[in-house]
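Below are the chains, spelled out letter by letter.
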Amino acid sequence: DAKTTQPNSMESNEEEPVHLPCNHSTISGTDYIHWYRQLPSQGPEYVIHGLTSNVNNRMASLAIAEDRKSSTLILHRATLRDAAVYYCILRGWEYGNKLVFGAGTILRVKS
Amino acid sequence: SQTIHQWPATLVQPVGSPLSLECTVEGTSNPNLYWYRQAAGRGLQLLFYSVGIGQISSEVPQNLSASRPQDRQFILSSKKLLLSDSGFYLCAWNEGHGVRYNSPLHFGNGTRLTVT
């Protein structure tokens, strides 16, 4: 039970921004929100994580709702290489050291 | 910088044969280590994780076992493979020294195992 809900799939045009949503209505105060992505035939790759504030790094931005019950991963300019499965995962005391993956969102990028 | 090595990249084994997959991490000490499996078209399933030498936690009952003979070495084994053991096996690590919920996992490139 990954405790997050994501759309099964999304489609984007190349060079356009992509907003990948994630709902986590039962998040606890100490749960971190992590995002990973998995390109075809590769292992998952860490993208970004946050606790309360919005976060930016070279790969993406993470926007966290004020009540923390949802978050959005933002890819500012999608490229064909961003086509992957994106996983939104909570990490906190309930799972300890473990990272529990759900089904994720399949992102398709059109040229 | 830290790196994770996993081998072999692909493996074809007959049913009933043994299995040994090895994973090593460089550039860090006392990492947490993980084995995941991804069956064809399925999600990632955590099989084992370890917080230190000789300390293994099993998540799913199966005919697989894991061992951590050295700080940065994690081995996945089976005495007799089943057809259902086919899949994509991934090793991962993150910083240890206690539970850290903001510590990302870093994955290897995986081993694609086909049991025939």
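Everything below is about the structure shown above.
It should be emphasised that the depicted structure is a prediction, and the values quoted were computed from it without experimental measurement.

### Some words on the interface of chain A and chain B
Here is step 1: Taken together, the contacts link 20 residues of chain A with 23 residues of chain B.
Here is step 2: Of the roughly 1,800 Å² buried where chain A meets chain B, counting both sides, 57% is carbon and sulfur surface.
Here is step 3: The interface formed by chain A and chain B includes one salt bridge.
Here is step 4: With its nearest N and O atoms 3.2 Å apart, the salt bridge here joins A:Lys98 to B:Glu59.
Here is step 5: The interface formed by chain A and chain B contains seven residue pairs in polar contact (both at pLDDT 80 or more).
Here is step 6: Within the residue set of the side of chain A that touches chain B, elements represented by two or more residues are strand 3 (32-38), strand 4 (45-50) and strand 8 (84-91) of chain A.

### Considerations on the pattern of salt bridges
Residues and elements named next belong to chain A.
Here is step 1: For the structure shown, the criterion picks out eight salt bridges over all chains.
Here is step 2: A salt bridge links Glu11 to Lys110, with the nearest nitrogen and oxygen atoms 3.3 Å apart. Of the two residues, Glu11 is situated in strand 1 (residues 9-13) and Lys110 in strand 9 (residues 105-110); the sequence distance between them amounts to 99 residues.
Here is step 3: Judged by its relative accessible area of 51%, Glu11 falls in the exposed class.

The rules behind each value
Residues numbered from 1 in each chain as written. Chains lettered and ligands numbered in written order. Predicted model: local features only at pLDDT ≥ 70, side-chain atom pairs only at ≥ 80, totals over all residues. Heavy atoms only, no water. Contact = heavy atoms within 4.5 Å. Buried area = accessible area lost by both parts, 1.4 Å probe. Salt bridge = Lys/Arg side-chain N within 4 Å of Asp/Glu carboxyl O. Polar contact = N/O pair within 3.5 Å; in protein donor to acceptor, adjacent residues only side chain to side chain. Helix = DSSP H or I, 4+ residues; strand = E, 2+ residues; numbered from the N terminus. Buried < 20%, exposed > 50% of the residue type's maximum accessible area, 1.4 Å probe, protein only.

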